[in-house]
Amino acid sequence: MLTVVPNYYTAFRCIGSRCRHNCCIGWEIDIDDTTLARYRALDGAWRQRFDAHVANDEVPHFITDESGRCPFLNAENLCDIQLELDDGCLCEICREHPRFHNRLPGRVESGLGLCCEEAARLILGQRELMHLCCSGTDEADDAILALRDHVIALLQDRTLSIPERCEAMLALCNTAMPQATPAEWARVLLQLERLDSAWEDTLLLLQNEWHTADLNGFRSHMSDRQTPYEQLLVYFVYRHFANADSVSSAAARACFAVLGYTVLEALGAVLFTKHGSFTFEQFCELARAFSAEVEYSDENLDILWDTLGGV
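Report follows, based on the coordinates. Everything quoted here is computed from the prediction, not taken from an experiment.

## Focus: the overall build of the protein chain
Helices and strands together make up the secondary structure of the protein chain, namely 14 helices and six strands. For 311 residues, the compact-globule estimate of 2.2 N^0.38 gives 19 Å, and the C-alpha radius of gyration of the protein chain, at 21 Å, lies within 12% of that figure. Taking the principal axes of its C-alpha atoms as reference, the protein chain extends roughly 65 × 50 × 35 Å. Taken across its 311 residues, the protein chain has 49% of its residues classed as buried. Here the contacts in the protein chain between residues at least 6 apart in sequence split such that 74% fall between residues at least 24 apart. In the form shown here, the protein chain has an accessible surface area of approximately 14900 Å², with 49% of it arising from carbon and sulfur atoms. Counting 25 positive and 48 negative side-chain charges, the protein chain places the averaged centre of each group 5 Å from the other.

## A few points about the packing of aromatic side chains
Summed over all chains, the structure comprises 17 aromatic pairs. Ring pairing ties together the aromatic residues Trp199, Tyr235, Phe236, Phe256, Phe290 and Trp305, which thus form one cluster. Above the face of the Phe100 ring, Arg239 is positioned so that its terminal group lies 4.2 Å from the ring centre. A cation over a ring is seen here: Arg253 above Trp305, with NZ or CZ 4.1 Å from the ring centre.

Cut-offs and rules
- Residues numbered from 1 in each chain as written.
- Predicted model: local features only at pLDDT ≥ 70, side-chain atom pairs only at ≥ 80, totals over all residues.
- Heavy atoms only, no water.
- Helix = DSSP H or I, 4+ residues; strand = E, 2+ residues; numbered from the N terminus.
- Rg over C-alpha atoms; globule rule 2.2 N^0.38 Å.
- Buried < 20%, exposed > 50% of the residue type's maximum accessible area, 1.4 Å probe, protein only.
- Contact = heavy atoms within 4.5 Å.
- Areas by Shrake-Rupley, 256 points an atom, 1.4 Å probe, with all protein chains shown as cover.
- Lys, Arg positive; Asp, Glu negative; His and termini not counted.
- Charge placed at Lys NZ, Arg CZ, Asp CG, Glu CD.
- Phe/Tyr/Trp six-rings, centres within 6.5 Å; stacked < 30°, edge-to-face > 60°.
- Lys NZ or Arg CZ within 6 Å of the ring centre and 35° of its normal.

As C-alpha cells, then:
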C-alpha cells in the first residue's frame, strides 16, 4: 500500500480558539459507530451529557444549538471532549478535519482541505513547488494518475502566466471551459446548496459588479503574487483528479480547477476595484469560502461535474 501526502501536510497545526471560522460551528457533525459505542460505554455525568446532545438518527450526530454551535464547544471555543476526556473520544470527523483521504486501489492519498482557514494559509502561502511525499509501494499503472502528474508539472511551470497554464492544462486534458463570464458563473453557483449567507452575498457582489471590475489593473497589482494561484490550482487537481472514473471524466476536474481560479480571481478584481487593495488574507478567505460551500457538498460537486462535462 502506498501512502501519499503533499509536502506541507505534516506542518498543519489547528489554531483552536483563534480560528474565525470554527469547524464546530455551522456544520452538522456526524458520529461514527466506533465513537458512538465509546460514548454509550461511559457512565455518570458524561453519559448523561452525551445522551442529551446526540441525535440517534440513521446517521447519529451532535445536536447543535440555535446558533449552530456544537454542544461540547465551550465559551473559549475549545472542545470539552478533548480537554476533559481524550482524543480517543473524538469522533472520526473531529480527529481528522481538515484532512481528507482519497482511498484508491493500492494507495491512500491524503491532504488538507481549503475549507479550514489555517490550512488555506498554509497551502496558498507555500512558495516552493508542491511535491508529493510517498511511502510504501504501489505497482499500479494508472492513466488518470499519470495524466495528473503531467497536469501538476504544467501548472508549476513558472515561465508561463496562470491563464496560460490553465489553457495548457485544458488542452492536455482535451477539454475546454463552457463559455461564461465570471458573473454568469456566479449565477451558476448561486443555484447550488449554500452553507453560509455570507457566501451568497459574495456571489451577488460578483454577479452585480463584475462589469465594473478592472481585471487588467488587478492582474498588474498581482503580477508578483502568482504563486498562491498556482497552489490553488494544484490543490484542486491533487484533491479531485484521482477520484474520476475515467480519463475523460477527469477533464471535468481540470475545468473545476479553472472555475475555482476564475471565480476567485474575478472576486479579487472586484474587491481591488472597489477598495484599491487586495491582500493575501482576503484571498485565503475567498478560497476558504469557495471550498466550504462547493467542495464539501457532494451534491454541489456532482452538479458541477455535469455542468463542466463530467460523466
